[in-house]
Amino acid sequence: MKKALITLFLVLIIDQVLKIWIKLNFQYEDSMLLINNLIEFKFIENPGMAFGLDFGGPYGKLVLSVIRLIAVFVIGRYLIKLVRTGAHGGFIICVSMILAGAIGNILDSAFYGLIFDQGLLWDDTIGDWNKMPYIRGGLAEMEEGYAPFLMGHVVDMFHFLPKFPDNAPWGLAGRDIFAPVFNVADAAISIGVIVIILFQKRFFPKSKDTPDLEENESVPA
């Protein structure tokens, strides 16, 4: 359980501290170079899915928030079961990262609309999220936030800079190799899933109780 809790709290603290710092110090779409020609901070708010993707306007946003809550409950119960049954430590850490990432983005949706005075607002006249003008989001009184419970937007900030070469085919010339802007929570989920796939044989070893077939043995029809 210690590995799971340490992973959960570490990911959540880094995720939330960075998001709040970005929210308080950047204008919308402001950027700051981190590593030359590789990665930058670029502040956007995600009104829907991970990696800056949208999901069906305000009703889609609410549905997604409910789905995230259900997913956190299911993954949380699964993680408790893994700990109790003595699952591989690496697998427990990966599932903890996935759970922490899901919780991190839920915290944004649940509370950022209540505690910040500026964020994305749905504009019925254009059928889209009103992103500009955007005033740096200061902390607000609870009743003066920009959105109700579960309707706040997720803060994203990491943007990879490498682009396809000018002679790239299929209309890719000059475009970002990886365009989505993402956050620590998104990265934790992605890393957790990728590591599980890469090390699944180590995490789920073949049972020693299952005898291997001899080369000259055949499987009964």
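Heads up: these notes are all about the structure in this document. This one's a predicted model, so the numbers in the text were calculated from it and none came from an experiment. (Residues numbered from 1 in each chain as written. Predicted model: local features only at pLDDT ≥ 70, side-chain atom pairs only at ≥ 80, totals over all residues. Heavy atoms only, no water.)

**Notes on the overall build of the protein chain**
Thinking step 1. Counting its regular elements, the protein chain contains five helices and five strands.
Thinking step 2. Starting at the N terminus, the α and β elements of the protein chain follow one another as α-β-β-α-α-β-β-β-α-α.
Thinking step 3. A separation of at least 24 residues holds for 67% of the contacts in the protein chain among residues at least 6 apart in sequence.
Thinking step 4. Surface summary for the protein chain: the accessible area is close to 13300 Å², and the carbon and sulfur share equals 66%. (Helix = DSSP H or I, 4+ residues; strand = E, 2+ residues; numbered from the N terminus. Contact = heavy atoms within 4.5 Å. Areas by Shrake-Rupley, 256 points an atom, 1.4 Å probe, with all protein chains shown as cover.)

**Thoughts on unusual backbone geometry**
Thinking step 1. The phi torsion at Glu29 lies on the positive side, around 70°, for a residue other than glycine.
Thinking step 2. Mapped onto the elements, Glu29 comes out in the loop between α1 (2-25) and β1 (31-35).
Thinking step 3. The partly exposed category is assigned to Glu29, whose relative accessible area is 46%.
Thinking step 4. Positive phi outside glycine occurs at Asn37, with the angle close to 65°. (Buried < 20%, exposed > 50% of the residue type's maximum accessible area, 1.4 Å probe, protein only.)

**Here we look at helix α4 (residues 184-198)**
Thinking step 1. Taking 1.5 Å of rise per residue, the 15 residues of α4 would be expected to cover 21 Å, and the 21 Å separating its terminal C-alpha atoms lies within 8% of that figure.
Thinking step 2. As for α4, its buried residues are in contact with α1, α3 (89-115), β5 (154-160) and α5 (200-203).
Thinking step 3. The N-cap residue of α4 is Asn183: its side-chain oxygen and the backbone nitrogen of Ala185 are 3.0 Å apart. (Expected span 1.5 Å × (residues − 1). Polar contact = N/O pair within 3.5 Å; in protein donor to acceptor, adjacent residues only side chain to side chain.)

**Quick notes on the pattern of salt bridges**
Thinking step 1. Summed over all chains, the structure comprises four salt bridges.
Thinking step 2. Here Lys23 and Glu45 are joined by a salt bridge, their closest N and O atoms 2.5 Å apart. Remark: Glu45 occurs in strand β2 (residues 39-46) and Lys23 occurs in helix α1; sequence separation between them is 22 residues.
Thinking step 3. Its relative accessible area of 0% is what places Lys23 among the buried residues.
Thinking step 4. Judged by relative accessible area, Glu45 falls into the buried class, the value being 2%.
Thinking step 5. Among the ionic pairs, Asp176 bridges to Lys163, the shortest N-O distance being 2.5 Å. (Salt bridge = Lys/Arg side-chain N within 4 Å of Asp/Glu carboxyl O.)

**Here we look at the environment of Met97**
Thinking step 1. Note that Met97 resides in helix α3.
Thinking step 2. The exposure class assigned to Met97 is buried, which follows from its relative accessible area of 18%.
Thinking step 3. Through-space distance from the C-alpha of Met97 to that of Ala4 is 8.4 Å; in sequence the pair is 93 residues apart.
Thinking step 4. Discounting chain neighbours no more than four positions away, the residues touching Met97 are Thr7, Ala188, Ile189, Ile191 and Gly192.

**A short note on α1**
Thinking step 1. With 24 residues, α1 extends 34 Å between its outermost C-alpha atoms, agreeing within 8% with the 34 Å of an ideal straight helix rising 1.5 Å per residue.
Thinking step 2. When we look at burial in α1, the residues that qualify are Ala4, Thr7, Leu8, Val11, Leu12, Asp15, Gln16, Leu18, Lys19, Ile22 and Lys23.

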